[in-house]
Amino acid sequence: SWPAPQVLCSGAGATASLATLTALATCSVPAGLLAPGDRLEVHFDYAHQGNAGGTAIAVQWGGTKVLNFTAAAGESMLTGRLDASVLTTGAQIGSQSWGSNTNFAANVVNSSDSYSAGLTLTFLGSVAAGTDAISLQHYSVVRVP
């Protein structure tokens, strides 16, 4: 039989109205869980309330910023995906992000962050105008053996 995917974290995050990237949620992957050859699929959805200024979202894999995406004023929804391949010395992480009015962007990065002692994924958001807000509507982190 095939092992089933394992949901490591899932839920809604916080809301912020700050101009600097602020943690809206974290997912702590326990020590000893990840091994070379594992894959993680990460999905996230943000909502931007207000249209006084732009907004930004980011995701950190340990200490490595693996996604950094900005959108102009008037963007109401942002979404993204990460697909991480766990290697012996870190991970290779592909990212995709887009908005309801913002063009699709894709990237791939390497992270040398060690996962053997555990790993934290951090979902961040910011707004350019303090009258606006950014909310992490939902996120999920799934281990695919």
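Owing to the predicted nature of the structure, the values given are computational and were not obtained by experimental measurement.

Its location among the elements puts T131 in the loop between β10 (119-127) and β11 (133-144). Counting along the chain gives 81 residues from T131 to G50, while the straight-line C-alpha distance between them is 7.1 Å.

This paragraph deals with the state of the cysteines. Across all of its chains, the model carries one disulfide by this definition. Across the disulfide, C9 is cross-linked to C27 (sulfur-sulfur distance 2.0 Å). Taking the sign of the S-S torsion, about 80° here, the bridge from C9 to C27 comes out right-handed. Of the two residues, C9 is situated in strand β1 (residues 6-11) and C27 in strand β3 (residues 22-29); the sequence distance between them amounts to 18 residues. Neither residue differs from the other here; C9 and C27 are each classed as buried.

Moving on, we come to the packing of aromatic side chains. Enumeration over the complete set of coordinates arrives at four aromatic pairs. Here the aromatic rings of F123 and Y139 are separated by 4.9 Å at their centres, their planes lie at 35°, and the arrangement is tilted. With F123 in strand β10 and Y139 in strand β11, the pair connects residues that are 16 residues apart, well separated along the chain. Across this residue pair, the class does not change: F123 and Y139 are buried. What links up through ring pairs into an aromatic cluster is the set F44, Y46, F123 and Y139.

Our focus in this paragraph is the pattern of salt bridges. Any two side chains of opposite charge can pair, on the condition that their charged atoms come close. Using the criterion set out here, one finds two salt bridges in the structure. We note a salt bridge from D38 to R143, for which the minimum N-O separation is 3.1 Å. With D38 in the loop between β3 and β4 (39-49) and R143 in strand β11, this pair connects stretches of sequence that are 105 residues apart. Residue D38 is classed as buried on the basis of its relative accessible area of 7%. Among the salt bridges present, the one from R39 reaches D83, with a minimum N-O distance of 2.5 Å. Within this pair, whereas R39 is found in strand β4, its partner D83 is found in strand β7 (residues 77-87), the two being separated by 44 residues in sequence.

Cut-offs used in this document
Residues numbered from 1 in each chain as written. Predicted model: local features only at pLDDT ≥ 70, side-chain atom pairs only at ≥ 80, totals over all residues. Heavy atoms only, no water. Helix = DSSP H or I, 4+ residues; strand = E, 2+ residues; numbered from the N terminus. Disulfide = S-S within 2.5 Å. Buried < 20%, exposed > 50% of the residue type's maximum accessible area, 1.4 Å probe, protein only. Phe/Tyr/Trp six-rings, centres within 6.5 Å; stacked < 30°, edge-to-face > 60°. Salt bridge = Lys/Arg side-chain N within 4 Å of Asp/Glu carboxyl O.

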